[in-house]
Amino acid sequence: MKKFQPQPGFVVQAYRFALDPNAAQEAALRSHCGAARAAYNWAVGWVTASWWQRRAEESYGVPEADLTQWRPWSLPALRKAFNAAKHTDPRFASWWEENSKEAYSTGLANAAAAFDNYAKSKQGKRRGRTVGMPRFKPKRKARLSCRFTTGTIRADADGRHVTLPRLGTIRTHEPTGKLLARVQAGTARILSATVRHERGRWFVSFQTEVRRDLVRVARPGVAVGIDLGVKTLAVMADSAGEIREIPNPRHLDGALKQLRRTSRAVSRRRGPDRRRGQQPSKRWEKANAARNRVHHRVANLREDALHKLTTKVTAEYGTVVVEDLNVAGMLRNRRLARRIADAGFGEIRRQLAYKTRRNGCRTVAADRWFPSSKTCSGCGAVKAKLPLHIRTFACDGCGLVIDRDANAALNLAALAAAAVTGTGVAADQDTPKVSKPRGADQKTRTTRPRRKATAGRAGGTTLPHQQQTEARDRTQAEALTLW
(Lines give C-alpha, C1' and ligand atoms only; values in the text may rest on other atoms or scores of the structure.)
Protein backbone atom coordinates (compact mmCIF):
# COMPACT_ATOMS: atom_id res chain seq x y z
CA MET A 1 0.00 0.00 0.00
CA LYS A 2 1.33 3.43 -0.94
CA LYS A 3 2.49 5.47 2.03
CA PHE A 4 0.78 8.80 2.63
CA GLN A 5 2.92 11.82 1.76
CA PRO A 6 1.97 15.25 3.16
CA GLN A 7 1.87 18.34 0.98
CA PRO A 8 4.95 20.56 0.74
CA GLY A 9 5.14 22.71 3.86
CA PHE A 10 2.87 20.34 5.80
CA VAL A 11 3.72 17.68 8.38
CA VAL A 12 1.73 14.84 9.89
CA GLN A 13 1.05 15.56 13.55
CA ALA A 14 -1.16 13.94 16.18
CA TYR A 15 -3.39 15.74 18.67
CA ARG A 16 -4.39 13.60 21.64
CA PHE A 17 -7.19 14.38 24.06
CA ALA A 18 -8.55 12.50 27.06
CA LEU A 19 -12.20 11.48 26.83
CA ASP A 20 -14.98 11.50 29.42
CA PRO A 21 -17.48 8.96 28.03
CA ASN A 22 -20.63 7.98 29.86
CA ALA A 23 -21.50 4.35 30.61
CA ALA A 24 -23.19 3.70 27.25
CA GLN A 25 -20.37 5.33 25.30
CA GLU A 26 -17.72 3.39 27.19
CA ALA A 27 -19.55 0.15 26.42
CA ALA A 28 -19.60 1.13 22.74
CA LEU A 29 -15.88 1.93 22.83
CA ARG A 30 -15.09 -1.45 24.33
CA SER A 31 -17.31 -3.15 21.77
CA HIS A 32 -15.48 -1.51 18.87
CA CYS A 33 -12.07 -2.40 20.29
CA GLY A 34 -13.23 -5.96 20.90
CA ALA A 35 -14.46 -6.17 17.32
CA ALA A 36 -11.02 -5.10 16.10
CA ARG A 37 -9.43 -7.86 18.18
CA ALA A 38 -11.91 -10.45 16.89
CA ALA A 39 -11.24 -9.47 13.27
CA TYR A 40 -7.49 -9.71 13.87
CA ASN A 41 -7.82 -13.21 15.33
CA TRP A 42 -10.05 -14.27 12.45
CA ALA A 43 -7.47 -13.07 9.90
CA VAL A 44 -4.62 -14.87 11.69
CA GLY A 45 -6.61 -18.10 11.81
CA TRP A 46 -7.79 -17.81 8.21
CA VAL A 47 -4.30 -17.31 6.79
CA THR A 48 -2.46 -19.82 8.95
CA ALA A 49 -5.09 -22.51 8.29
CA SER A 50 -3.74 -22.90 4.76
CA TRP A 51 -0.20 -23.18 6.13
CA TRP A 52 -1.05 -26.07 8.43
CA GLN A 53 -3.13 -27.73 5.72
CA ARG A 54 -0.21 -27.64 3.29
CA ARG A 55 2.11 -29.06 5.94
CA ALA A 56 -0.31 -31.93 6.60
CA GLU A 57 -0.68 -32.66 2.88
CA GLU A 58 3.10 -32.68 2.44
CA SER A 59 3.37 -35.29 5.18
CA TYR A 60 0.90 -37.46 3.22
CA GLY A 61 3.05 -37.24 0.10
CA VAL A 62 0.77 -34.96 -1.91
CA PRO A 63 2.63 -33.45 -4.92
CA GLU A 64 3.54 -29.76 -4.82
CA ALA A 65 1.16 -28.88 -7.63
CA ASP A 66 -1.81 -30.43 -5.80
CA LEU A 67 -1.25 -28.74 -2.44
CA THR A 68 -3.75 -26.26 -1.02
CA GLN A 69 -3.21 -22.77 -2.37
CA TRP A 70 -1.63 -20.14 -0.15
CA ARG A 71 -4.14 -17.67 1.21
CA PRO A 72 -3.12 -14.03 0.64
CA TRP A 73 -2.72 -11.66 3.60
CA SER A 74 -2.97 -8.31 1.84
CA LEU A 75 -5.53 -5.92 3.31
CA PRO A 76 -7.86 -5.95 0.26
CA ALA A 77 -7.83 -9.77 0.21
CA LEU A 78 -8.56 -9.99 3.94
CA ARG A 79 -11.40 -7.50 3.64
CA LYS A 80 -12.99 -9.42 0.77
CA ALA A 81 -12.75 -12.74 2.62
CA PHE A 82 -14.03 -11.29 5.90
CA ASN A 83 -17.02 -9.58 4.28
CA ALA A 84 -17.99 -12.92 2.76
CA ALA A 85 -17.60 -14.83 6.02
CA LYS A 86 -19.14 -12.43 8.56
CA HIS A 87 -22.71 -13.20 7.46
CA THR A 88 -22.42 -16.96 8.01
CA ASP A 89 -19.63 -17.33 10.58
CA PRO A 90 -21.31 -17.94 13.99
CA ARG A 91 -18.60 -15.88 15.66
CA PHE A 92 -19.80 -12.69 13.90
CA ALA A 93 -23.22 -13.30 12.36
CA SER A 94 -25.26 -12.21 15.39
CA TRP A 95 -23.45 -9.00 16.36
CA TRP A 96 -21.17 -7.65 13.64
CA GLU A 97 -23.71 -4.96 12.64
CA GLU A 98 -23.45 -3.33 16.08
CA ASN A 99 -20.05 -1.77 15.32
CA SER A 100 -18.60 0.42 12.62
CA LYS A 101 -16.88 -1.22 9.68
CA GLU A 102 -13.76 0.69 10.70
CA ALA A 103 -13.42 -1.50 13.79
CA TYR A 104 -13.07 -4.65 11.68
CA SER A 105 -10.85 -2.85 9.20
CA THR A 106 -8.52 -1.94 12.08
CA GLY A 107 -8.05 -5.58 13.03
CA LEU A 108 -7.56 -6.71 9.43
CA ALA A 109 -5.01 -3.95 8.78
CA ASN A 110 -3.06 -4.93 11.88
CA ALA A 111 -3.07 -8.56 10.78
CA ALA A 112 -1.83 -7.65 7.29
CA ALA A 113 0.99 -5.58 8.81
CA ALA A 114 1.91 -8.42 11.18
CA PHE A 115 2.20 -10.93 8.32
CA ASP A 116 4.25 -8.45 6.27
CA ASN A 117 6.66 -7.95 9.16
CA TYR A 118 6.97 -11.71 9.61
CA ALA A 119 7.70 -12.29 5.92
CA LYS A 120 10.23 -9.45 5.69
CA SER A 121 11.97 -10.57 8.87
CA LYS A 122 12.27 -14.12 7.62
CA GLN A 123 13.70 -12.90 4.30
CA GLY A 124 16.20 -10.63 6.04
CA LYS A 125 14.59 -7.43 4.76
CA ARG A 126 13.61 -6.08 8.18
CA ARG A 127 15.92 -4.58 10.75
CA GLY A 128 15.90 -5.47 14.40
CA ARG A 129 15.10 -8.71 16.14
CA THR A 130 13.50 -11.59 14.29
CA VAL A 131 9.72 -11.31 14.18
CA GLY A 132 7.76 -14.50 14.75
CA MET A 133 4.55 -15.66 13.17
CA PRO A 134 1.46 -13.66 14.22
CA ARG A 135 -0.42 -15.15 17.14
CA PHE A 136 -3.94 -14.72 18.49
CA LYS A 137 -4.60 -11.80 20.82
CA PRO A 138 -6.09 -12.90 24.15
CA LYS A 139 -8.98 -10.89 25.53
CA ARG A 140 -7.36 -10.27 28.90
CA LYS A 141 -4.08 -8.93 27.47
CA ALA A 142 -4.97 -7.20 24.22
CA ARG A 143 -4.72 -3.42 24.16
CA LEU A 144 -8.06 -1.75 23.53
CA SER A 145 -7.63 0.30 20.37
CA CYS A 146 -9.63 1.16 17.26
CA ARG A 147 -8.88 3.45 14.30
CA PHE A 148 -11.36 5.42 12.19
CA THR A 149 -10.41 6.60 8.71
CA THR A 150 -13.81 7.35 7.11
CA GLY A 151 -17.09 8.82 8.27
CA THR A 152 -17.78 11.77 10.52
CA ILE A 153 -14.53 12.59 12.33
CA ARG A 154 -14.32 16.08 13.78
CA ALA A 155 -13.68 18.25 16.81
CA ASP A 156 -16.95 20.03 17.57
CA ALA A 157 -17.21 23.82 17.48
CA ASP A 158 -17.78 24.14 21.25
CA GLY A 159 -14.23 22.91 21.89
CA ARG A 160 -15.26 20.28 24.44
CA HIS A 161 -16.67 17.43 22.30
CA VAL A 162 -15.52 15.18 19.48
CA THR A 163 -17.64 13.21 17.02
CA LEU A 164 -16.68 9.75 15.79
CA PRO A 165 -18.48 7.26 13.47
CA ARG A 166 -21.14 5.13 15.20
CA LEU A 167 -19.94 6.38 18.59
CA GLY A 168 -21.51 9.80 18.26
CA THR A 169 -20.49 12.89 20.21
CA ILE A 170 -18.25 12.29 23.23
CA ARG A 171 -17.18 14.88 25.75
CA THR A 172 -13.46 15.52 26.16
CA HIS A 173 -11.67 15.97 29.46
CA GLU A 174 -9.69 18.94 28.10
CA PRO A 175 -10.40 21.66 25.52
CA THR A 176 -9.71 20.89 21.88
CA GLY A 177 -9.03 24.53 21.03
CA LYS A 178 -5.53 24.00 19.62
CA LEU A 179 -6.77 21.61 16.95
CA LEU A 180 -10.06 23.41 16.38
CA ALA A 181 -8.35 26.75 15.70
CA ARG A 182 -6.09 25.21 13.07
CA VAL A 183 -8.94 23.37 11.38
CA GLN A 184 -11.09 26.52 11.22
CA ALA A 185 -8.14 28.53 9.88
CA GLY A 186 -7.53 25.97 7.14
CA THR A 187 -3.99 25.11 8.29
CA ALA A 188 -4.89 21.58 9.43
CA ARG A 189 -6.86 18.66 8.01
CA ILE A 190 -7.94 15.63 10.05
CA LEU A 191 -6.87 12.37 8.41
CA SER A 192 -7.95 9.75 10.95
CA ALA A 193 -8.79 9.22 14.61
CA THR A 194 -7.69 6.47 16.98
CA VAL A 195 -9.36 5.70 20.31
CA ARG A 196 -7.32 3.82 22.89
CA HIS A 197 -7.68 2.79 26.51
CA GLU A 198 -4.43 3.63 28.25
CA ARG A 199 -3.49 4.10 31.90
CA GLY A 200 -7.06 3.72 33.06
CA ARG A 201 -8.50 6.35 30.70
CA TRP A 202 -9.84 6.64 27.17
CA PHE A 203 -7.94 8.84 24.71
CA VAL A 204 -8.58 9.93 21.15
CA SER A 205 -5.69 10.82 18.84
CA PHE A 206 -6.39 12.83 15.69
CA GLN A 207 -3.84 12.31 12.95
CA THR A 208 -3.71 15.57 11.06
CA GLU A 209 -1.91 17.19 8.17
CA VAL A 210 -0.71 20.50 9.59
CA ARG A 211 1.04 23.44 7.99
CA ARG A 212 4.07 24.10 10.15
CA ASP A 213 6.68 26.79 9.66
CA LEU A 214 10.19 26.10 10.85
CA VAL A 215 10.88 27.75 14.20
CA ARG A 216 14.38 29.14 14.46
CA VAL A 217 16.18 27.84 17.53
CA ALA A 218 17.85 30.16 20.00
CA ARG A 219 21.42 29.05 19.19
CA PRO A 220 21.46 27.51 15.70
CA GLY A 221 25.25 27.39 15.38
CA VAL A 222 25.85 25.62 18.69
CA ALA A 223 26.04 21.85 19.07
CA VAL A 224 25.31 20.01 22.30
CA GLY A 225 26.39 16.55 23.39
CA ILE A 226 24.06 14.71 25.75
CA ASP A 227 25.37 11.91 27.95
CA LEU A 228 22.52 9.97 29.55
CA GLY A 229 22.96 8.28 32.89
CA VAL A 230 21.26 6.93 35.98
CA LYS A 231 22.84 9.04 38.71
CA THR A 232 22.29 12.17 36.62
CA LEU A 233 19.66 11.90 33.93
CA ALA A 234 21.56 14.00 31.38
CA VAL A 235 24.83 15.90 31.29
CA MET A 236 24.83 18.44 28.45
CA ALA A 237 28.00 20.05 27.12
CA ASP A 238 27.79 22.44 24.19
CA SER A 239 30.42 23.57 21.73
CA ALA A 240 30.75 26.85 23.63
CA GLY A 241 32.16 25.00 26.65
CA GLU A 242 29.10 25.26 28.91
CA ILE A 243 28.25 22.14 30.93
CA ARG A 244 24.84 21.60 32.52
CA GLU A 245 23.42 18.73 34.53
CA ILE A 246 19.81 17.58 34.54
CA PRO A 247 19.06 15.68 37.77
CA ASN A 248 17.25 12.37 37.57
CA PRO A 249 13.76 12.82 39.05
CA ARG A 250 13.43 9.07 39.82
CA HIS A 251 9.66 9.06 39.85
CA LEU A 252 9.45 5.33 40.47
CA ASP A 253 11.70 5.44 43.53
CA GLY A 254 9.43 8.02 45.09
CA ALA A 255 6.40 5.79 44.59
CA LEU A 256 7.91 2.44 45.63
CA LYS A 257 6.70 2.68 49.22
CA GLN A 258 3.13 3.31 48.14
CA LEU A 259 3.42 0.67 45.43
CA ARG A 260 4.53 -1.98 47.93
CA ARG A 261 1.61 -1.16 50.21
CA THR A 262 -0.96 -1.39 47.41
CA SER A 263 0.62 -4.58 46.09
CA ARG A 264 0.31 -6.23 49.50
CA ALA A 265 -3.35 -5.25 49.58
CA VAL A 266 -3.87 -6.90 46.19
CA SER A 267 -2.12 -10.10 47.28
CA ARG A 268 -4.50 -10.46 50.28
CA ARG A 269 -7.59 -10.44 48.06
CA ARG A 270 -9.01 -13.28 46.02
CA GLY A 271 -7.67 -12.72 42.54
CA PRO A 272 -8.48 -14.40 39.22
CA ASP A 273 -7.35 -17.96 38.53
CA ARG A 274 -7.73 -19.17 34.96
CA ARG A 275 -6.82 -22.75 35.80
CA ARG A 276 -9.79 -23.15 38.15
CA GLY A 277 -12.04 -20.63 36.47
CA GLN A 278 -12.06 -18.42 39.56
CA GLN A 279 -13.30 -14.88 39.10
CA PRO A 280 -11.72 -12.00 41.03
CA SER A 281 -13.59 -10.58 43.97
CA LYS A 282 -14.85 -7.02 44.10
CA ARG A 283 -12.31 -6.17 46.80
CA TRP A 284 -9.49 -7.48 44.56
CA GLU A 285 -10.65 -5.33 41.66
CA LYS A 286 -10.79 -2.28 43.93
CA ALA A 287 -7.30 -2.94 45.32
CA ASN A 288 -5.91 -3.63 41.85
CA ALA A 289 -7.36 -0.35 40.57
CA ALA A 290 -5.63 1.49 43.43
CA ARG A 291 -2.32 -0.14 42.51
CA ASN A 292 -2.77 0.72 38.86
CA ARG A 293 -3.35 4.36 39.74
CA VAL A 294 0.12 4.47 41.31
CA HIS A 295 1.68 3.05 38.14
CA HIS A 296 -0.29 5.46 35.96
CA ARG A 297 0.80 8.47 38.00
CA VAL A 298 4.47 7.48 37.73
CA ALA A 299 4.13 7.01 33.97
CA ASN A 300 2.44 10.40 33.56
CA LEU A 301 5.11 12.18 35.62
CA ARG A 302 7.88 10.53 33.61
CA GLU A 303 6.26 11.44 30.30
CA ASP A 304 5.79 15.06 31.34
CA ALA A 305 9.42 15.41 32.53
CA LEU A 306 10.88 13.88 29.37
CA HIS A 307 8.78 16.08 27.10
CA LYS A 308 9.88 19.21 28.97
CA LEU A 309 13.54 18.18 28.73
CA THR A 310 13.54 17.33 25.03
CA THR A 311 11.48 20.40 24.10
CA LYS A 312 13.91 22.68 25.91
CA VAL A 313 16.94 21.10 24.24
CA THR A 314 15.56 21.16 20.70
CA ALA A 315 14.41 24.77 21.06
CA GLU A 316 17.92 25.97 21.95
CA TYR A 317 20.54 24.04 19.95
CA GLY A 318 20.97 23.56 16.23
CA THR A 319 22.72 20.17 16.52
CA VAL A 320 22.09 17.51 19.13
CA VAL A 321 24.53 14.61 19.51
CA VAL A 322 23.35 11.51 21.37
CA GLU A 323 24.73 8.01 21.84
CA ASP A 324 23.35 4.97 20.07
CA LEU A 325 22.65 3.09 23.30
CA ASN A 326 21.67 -0.56 23.35
CA VAL A 327 18.85 -0.02 25.80
CA ALA A 328 17.47 -3.56 25.41
CA GLY A 329 20.88 -4.97 26.30
CA MET A 330 21.29 -2.59 29.23
CA LEU A 331 18.00 -3.76 30.69
CA ARG A 332 19.46 -7.25 31.08
CA ASN A 333 21.59 -5.92 33.93
CA ARG A 334 19.48 -6.88 36.92
CA ARG A 335 21.22 -4.32 39.14
CA LEU A 336 20.44 -1.32 36.92
CA ALA A 337 17.41 -2.44 34.90
CA ARG A 338 14.82 -0.73 37.09
CA ARG A 339 16.62 2.61 37.13
CA ILE A 340 17.38 2.51 33.40
CA ALA A 341 13.75 1.78 32.59
CA ASP A 342 12.63 4.57 34.92
CA ALA A 343 14.96 7.07 33.21
CA GLY A 344 13.52 6.39 29.74
CA PHE A 345 16.66 6.46 27.58
CA GLY A 346 14.88 5.15 24.50
CA GLU A 347 12.04 7.66 24.82
CA ILE A 348 14.49 10.56 25.06
CA ARG A 349 16.16 9.43 21.85
CA ARG A 350 12.81 9.09 20.06
CA GLN A 351 11.54 12.52 21.11
CA LEU A 352 14.79 14.25 20.17
CA ALA A 353 14.59 12.70 16.70
CA TYR A 354 11.22 14.12 15.70
CA LYS A 355 11.46 17.40 17.62
CA THR A 356 14.73 18.37 15.96
CA ARG A 357 13.21 17.57 12.57
CA ARG A 358 10.29 19.81 13.45
CA ASN A 359 12.62 22.75 14.21
CA GLY A 360 14.81 22.22 11.15
CA CYS A 361 17.76 20.99 13.25
CA ARG A 362 19.59 17.70 13.14
CA THR A 363 20.31 14.84 15.50
CA VAL A 364 23.64 13.05 15.18
CA ALA A 365 23.85 9.52 16.55
CA ALA A 366 27.32 8.55 17.76
CA ASP A 367 28.36 5.01 17.02
CA ARG A 368 27.52 2.45 19.67
CA TRP A 369 31.20 1.62 20.22
CA PHE A 370 32.44 5.22 20.24
CA PRO A 371 34.47 5.50 23.52
CA SER A 372 32.97 8.77 24.74
CA SER A 373 33.69 8.04 28.41
CA LYS A 374 37.17 6.55 27.88
CA THR A 375 38.47 9.36 25.67
CA CYS A 376 40.14 12.44 27.08
CA SER A 377 38.31 15.56 25.92
CA GLY A 378 41.58 17.52 26.16
CA CYS A 379 44.23 15.52 24.30
CA GLY A 380 42.27 12.64 22.76
CA ALA A 381 44.00 9.79 24.61
CA VAL A 382 41.83 6.67 24.98
CA LYS A 383 41.89 4.59 28.14
CA ALA A 384 41.80 0.83 27.89
CA LYS A 385 39.54 0.41 30.91
CA LEU A 386 37.21 2.70 32.81
CA PRO A 387 34.98 0.75 35.24
CA LEU A 388 31.53 2.09 35.98
CA HIS A 389 32.28 2.80 39.64
CA ILE A 390 35.01 5.32 38.71
CA ARG A 391 33.13 8.59 38.36
CA THR A 392 36.13 10.87 37.73
CA PHE A 393 38.19 10.76 34.55
CA ALA A 394 41.92 11.34 35.06
CA CYS A 395 44.05 11.49 31.90
CA ASP A 396 47.55 10.03 32.14
CA GLY A 397 48.71 12.05 29.14
CA CYS A 398 47.74 15.66 29.81
CA GLY A 399 46.73 15.34 33.46
CA LEU A 400 43.13 16.47 32.90
CA VAL A 401 40.81 15.64 35.81
CA ILE A 402 37.11 15.96 35.04
CA ASP A 403 33.81 14.32 35.84
CA ARG A 404 33.23 11.18 33.83
CA ASP A 405 29.85 12.20 32.44
CA ALA A 406 30.99 15.74 31.63
CA ASN A 407 33.98 14.34 29.75
CA ALA A 408 31.69 12.10 27.70
CA ALA A 409 29.35 14.99 26.92
CA LEU A 410 32.28 17.12 25.71
CA ASN A 411 33.44 14.33 23.41
CA LEU A 412 29.96 13.99 21.98
CA ALA A 413 29.74 17.73 21.35
CA ALA A 414 33.10 17.64 19.57
CA LEU A 415 31.82 14.79 17.44
CA ALA A 416 29.30 17.11 15.77
CA ALA A 417 32.12 18.84 13.87
CA ALA A 418 33.17 15.51 12.32
CA ALA A 419 29.60 14.39 11.55
CA VAL A 420 28.48 13.98 7.99
CA THR A 421 26.32 16.64 6.39
CA GLY A 422 22.63 16.07 5.96
CA THR A 423 19.72 15.61 8.30
CA GLY A 424 21.57 13.34 10.69
CA VAL A 425 18.30 12.39 12.32
CA ALA A 426 18.81 9.36 14.49
CA ALA A 427 15.46 7.86 13.63
CA ASP A 428 16.05 7.93 9.87
CA GLN A 429 17.14 4.54 8.58
CA ASP A 430 19.14 6.08 5.71
CA THR A 431 21.17 8.38 7.95
CA PRO A 432 24.84 7.32 7.95
CA LYS A 433 26.35 6.92 11.37
CA VAL A 434 29.42 8.80 12.51
CA SER A 435 32.66 6.88 12.13
CA LYS A 436 34.88 6.02 15.07
CA PRO A 437 37.65 8.61 14.86
CA ARG A 438 39.59 7.36 17.86
CA GLY A 439 40.14 3.80 16.77
CA ALA A 440 37.46 1.98 18.78
CA ASP A 441 36.46 -0.18 15.83
CA GLN A 442 35.62 -3.21 17.95
CA LYS A 443 34.90 -4.24 21.49
CA THR A 444 37.80 -3.57 23.85
CA ARG A 445 37.24 -6.61 26.05
CA THR A 446 38.16 -10.17 25.20
CA THR A 447 35.26 -11.94 23.55
CA ARG A 448 33.99 -14.77 25.72
CA PRO A 449 32.90 -18.04 24.10
CA ARG A 450 29.17 -18.24 23.57
CA ARG A 451 27.31 -21.05 25.29
CA LYS A 452 24.63 -21.24 22.67
CA ALA A 453 25.59 -23.43 19.74
CA THR A 454 25.62 -21.84 16.30
CA ALA A 455 25.40 -23.36 12.87
CA GLY A 456 28.65 -24.90 11.67
CA ARG A 457 30.41 -24.61 15.01
CA ALA A 458 29.87 -27.19 17.72
CA GLY A 459 29.34 -25.73 21.17
CA GLY A 460 29.50 -22.15 19.91
CA THR A 461 33.27 -21.89 20.49
CA THR A 462 35.26 -18.95 19.20
CA LEU A 463 38.10 -19.62 16.82
CA PRO A 464 41.55 -18.38 17.89
CA HIS A 465 41.86 -15.82 15.13
CA GLN A 466 38.46 -14.38 16.07
CA GLN A 467 39.37 -13.56 19.68
CA GLN A 468 39.91 -9.90 20.44
CA THR A 469 42.51 -8.76 22.94
CA GLU A 470 42.31 -5.92 25.41
CA ALA A 471 43.37 -2.63 23.87
CA ARG A 472 46.03 -0.51 25.52
CA ASP A 473 46.03 3.21 26.03
CA ARG A 474 46.58 4.92 22.72
CA THR A 475 46.90 8.57 21.77
CA GLN A 476 44.87 10.10 19.02
CA ALA A 477 47.11 11.66 16.39
CA GLU A 478 44.76 14.61 15.96
CA ALA A 479 42.31 15.27 18.74
CA LEU A 480 38.83 16.51 17.92
CA THR A 481 38.28 20.09 18.98
CA LEU A 482 35.15 21.87 20.11
CA TRP A 483 34.18 23.77 16.99
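To be clear, the structure that these remarks concern was listed above.
Residues numbered from 1 in each chain as written. Predicted model: local features only at pLDDT ≥ 70, side-chain atom pairs only at ≥ 80, totals over all residues. Heavy atoms only, no water.

A. Representation of the overall build of the chain. For the chain, the helix and strand inventory stands at 10 helices and 14 strands. Within the chain, buried positions represent 40% of all 483 residues. For the chain, the share of sequence-separated contacts (at least 6 apart) that also reach a separation of at least 24 residues comes to 65%. Put simply, the chain shows about 28,500 Å² of open surface, and 51% of that area lies on carbon and sulfur atoms. (Helix = DSSP H or I, 4+ residues; strand = E, 2+ residues; numbered from the N terminus. Buried < 20%, exposed > 50% of the residue type's maximum accessible area, 1.4 Å probe, protein only. Contact = heavy atoms within 4.5 Å. Areas by Shrake-Rupley, 256 points an atom, 1.4 Å probe, with all protein chains shown as cover.)

B. Region of interest: the sheet that holds strand β9 (residues 232-238). The sheet built from 5 strands is open, its strands ordered β10-β9-β8-β11-β12 with mixed pairing. Because the sheet does not close on itself, it has two edges, and the strands there are β10 (243-247) and β12 (362-366). Across this sheet, the average inter-strand angle for adjacent strands is 25°, counted without regard to direction. Note that strand β8 (residues 219-228) and β9 share 5 bridges and pair antiparallel. For V224, the partnering residue across the bridge sits in β9 and is D238. Sheet contacts for helix α10 (residues 404-418): β8, β9, β10, β11 (317-323) and β12; angle to β8, the most-contacted strand, approximately 140°. (Pairing = 2+ DSSP bridges. Axes fitted to C-alpha atoms, helices over the stretch in contact; angles between N-to-C directions.)

C. Spatial organisation of the packing of helix α5 (residues 251-268) against helix α6 (residues 282-314). Packing of α5 against α6 leaves a shortest axis separation of 9 Å and a crossing angle of 170°. For the element pair α5 / α6, the angle class is roughly antiparallel. Contact residues: H251, L252, A255, Q258, L259, T262, S263, A265 and V266 in α5; W284, A287, N288, A290, R291, V294, H295, V298, L301, R302 and A305 in α6. Along the lines of polarity and charge, the residues of the contact of α5 with α6 split into 12 nonpolar, 6 polar and 2 charged. (Parallel < 35°, antiparallel > 145°, perpendicular 65-115°, else oblique. Nonpolar A, V, L, I, M, F, W, Y, C, P; charged D, E, K, R; others polar.)

D. Focus on the environment of F206. Residue placement: F206 occurs in strand β7 (residues 201-211). Put simply, F206 and L179 are 27 residues apart on the chain and 8.9 Å apart in space, counted from C-alpha to C-alpha. With near-sequence residues (within four places) excluded, F206 lies in contact with Q13, A14, Y15, F17, I153, R154, V162, L179, I190, S192 and A193.

E. Structural context of the packing of aromatic side chains. According to the stated counting rule, one finds 11 aromatic pairs in the structure shown. Pairing F82 with F92 gives two aromatic rings, centres 5.2 Å apart and planes at 80°, and the pair type is edge-to-face. In this pair, F82 sits in helix α2 (residues 75-85) while F92 sits in the loop between α2 and α3 (101-122), placing the two residues 10 residues apart along the sequence. Overall, the relative accessible area of 2% leaves F82 in the buried class. One aromatic cluster is present, built from ring pairs that chain together W42, W46, F82, F92, W95 and Y104. The residue whose ring lies beneath R16 is F203, and the NZ or CZ to ring-centre distance is 4.3 Å. Taking NZ or CZ as reference, K137 lies 4.4 Å from the ring centre of Y40, over its face. (Phe/Tyr/Trp six-rings, centres within 6.5 Å; stacked < 30°, edge-to-face > 60°. Lys NZ or Arg CZ within 6 Å of the ring centre and 35° of its normal.)

F. The arrangement of the sheet that holds strand β5 (residues 168-171) in detail. One open sheet holds the 3 strands; their spatial order is β3-β4-β5, and the pairing between them is antiparallel. Only two strands of the sheet have a single partner each, and these edge strands are β3 (154-155) and β5. Inspection of the sheet shows strand β4 (residues 161-164) paired to β5 by 4 bridges, in the antiparallel sense. Note that in β5 the partner of V162 across the bridge is I170.

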